[in-house]
Amino acid sequence: MKFLPDVAMFNEIRQMNIRQLFYQCLNFAMVVSSALMIWKGMMVVTGSDSPVVVVLSGSMEPAFYRGDLLLLTNDLEDPVRVGDITVFKVEGREIPIVHRVIKVHEKSSDDTKILTKGDNNQVDDRGLYAPGQLWLSRSDVVGRTKGLLPYVGMVTIIMNDYPKLKYAVLAFLGLFVLLHKEN
């Protein structure tokens, strides 16, 4: 493996034969695929495209604080009610919003209109919805909050605020998996 720079941390890789290196790369691929399978499994169990979200702002204080990790479910058979804390996506916005339902107009199970508001906000969310949209529909709802892990999501916020740190951590973890030999 003469293509690697002459740095001490690569000595472990240089001492591996091709079979060992392939085995380490396969281990790394298994770790990544296991994480994806767990995520997909959670999606199936919860019925939500995003079974876990991080609170990014203080709009829901004191119920949730910035950095709280929320566990979601999205049972379409269970109607949305006033007081439910929903996570919804609005057309034109990439990041989902976590707010409480303050009004529901339900003509039928297929025709439900929902109005939300952050607990710490003075006005409802109509200003956050897509232009011309006054109500959310059931299809806008990603899920409803069923669990909370306080401040666990701060790791995600820090990683997004400092992208170089995120890449350094990912590189470190990747190197660790590749360099760590099982006995």
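Residues numbered from 1 in each chain as written. Predicted model: local features only at pLDDT ≥ 70, side-chain atom pairs only at ≥ 80, totals over all residues. Heavy atoms only, no water.

## Focus on the overall build of the protein
As a reminder of what qualifies: Secondary structure is summarised from DSSP: a helix means a run of H or I of at least four residues, a strand means a run of E of at least two, and numbering begins at the N terminus for each. Buried residues are those whose accessible area, probed at 1.4 Å on protein chains only, stays under 20% of the maximum for their type, while exposed residues exceed 50% and partly exposed ones sit between those limits. Whether two residues are in contact is decided by their heavy atoms: any pair within 4.5 Å suffices.
A tally of helices and strands in the protein yields four helices and seven strands. Counting from the amino terminus, the protein carries its helices and strands in the arrangement α-α-β-β-β-β-β-β-β-α-α. In the protein, buried positions account for 32% of the 183 residues. A fraction of 54% describes how many contacts in the protein between residues 6 or more apart in sequence connect residues 24 or more apart.

## A look at the pairing of strand S3 (residues 85-88)
The cut-off we apply is this: Strands are treated as partners if at least two bridges between them are detected by DSSP.
Along S3, one buried face is formed by Ile85 and Val87 and the opposite face, lined by Thr86 and Phe88, is buried too. Here S3 pairs with strand S7 (residues 141-149) via three bridges, running antiparallel. Looking at the pairing, Phe88 lines up with Val141 of S7.

## Observations concerning the environment of Phe28
Summarising the element assignment, Phe28 is placed in helix H2 (residues 18-46). With 148 residues separating them along the chain, Phe28 and Phe176 place their C-alpha atoms 9.5 Å apart.

## Some details on the sheet that holds strand S2 (residues 69-73)
Ordered by their spatial adjacency, seven strands build an open sheet running S1-S2-S7-S3-S4-S5-S6, and the pairing between neighbours is antiparallel. Looking at strand neighbours, the two that pair on one side only are strand S1 (52-54) and strand S6 (136-137), the edges of this open sheet. Where S1 lies against S2, three bridges are found, and the strand directions are antiparallel. Within S2, the position partnered with Val52 by the bridge is Leu71.

## Quick notes on the packing of aromatic side chains
Quick reminder of the rule: Pairing of aromatic rings covers Phe, Tyr and the six-membered ring of Trp, with a centre-to-centre limit of 6.5 Å; geometry is then stacked below 30 degrees between planes, edge-to-face above 60, and tilted otherwise.
The tally for this structure, following the rule as stated, stands at two aromatic pairs. Between Tyr65 and Tyr151, the ring centres sit 6.5 Å apart and the planes meet at 25 degrees, which makes this aromatic pair stacked. With Tyr65 in the loop between S1 and S2 and Tyr151 in the loop between S7 and helix H3 (154-161), the pair connects residues that are 86 residues apart, well separated along the chain. The class of Tyr65 is partly exposed, set by a relative accessible area of 34%.

## Observations regarding the UniProt feature "transmembrane region" (unreviewed entry) in the protein
Worth spelling out the cut-off: UniProt positions are given in the numbering used here, feature names are shortened, and annotations may be inferred rather than shown by experiment.
Under the UniProt annotation, the feature "transmembrane region" (unreviewed entry) is placed at residues 21-39. Each end of residues 21-39 is marked by a C-alpha atom, and these two atoms are 28 Å apart; helix forms 100% of the span and strand 0%.

## Regarding the pairing of S2
As defined by bridge partners, S2 adjoins S7 across five bridges and the pair is classed as antiparallel. Of the residues in S7, the one forming a bridge with Leu69 is Leu149.

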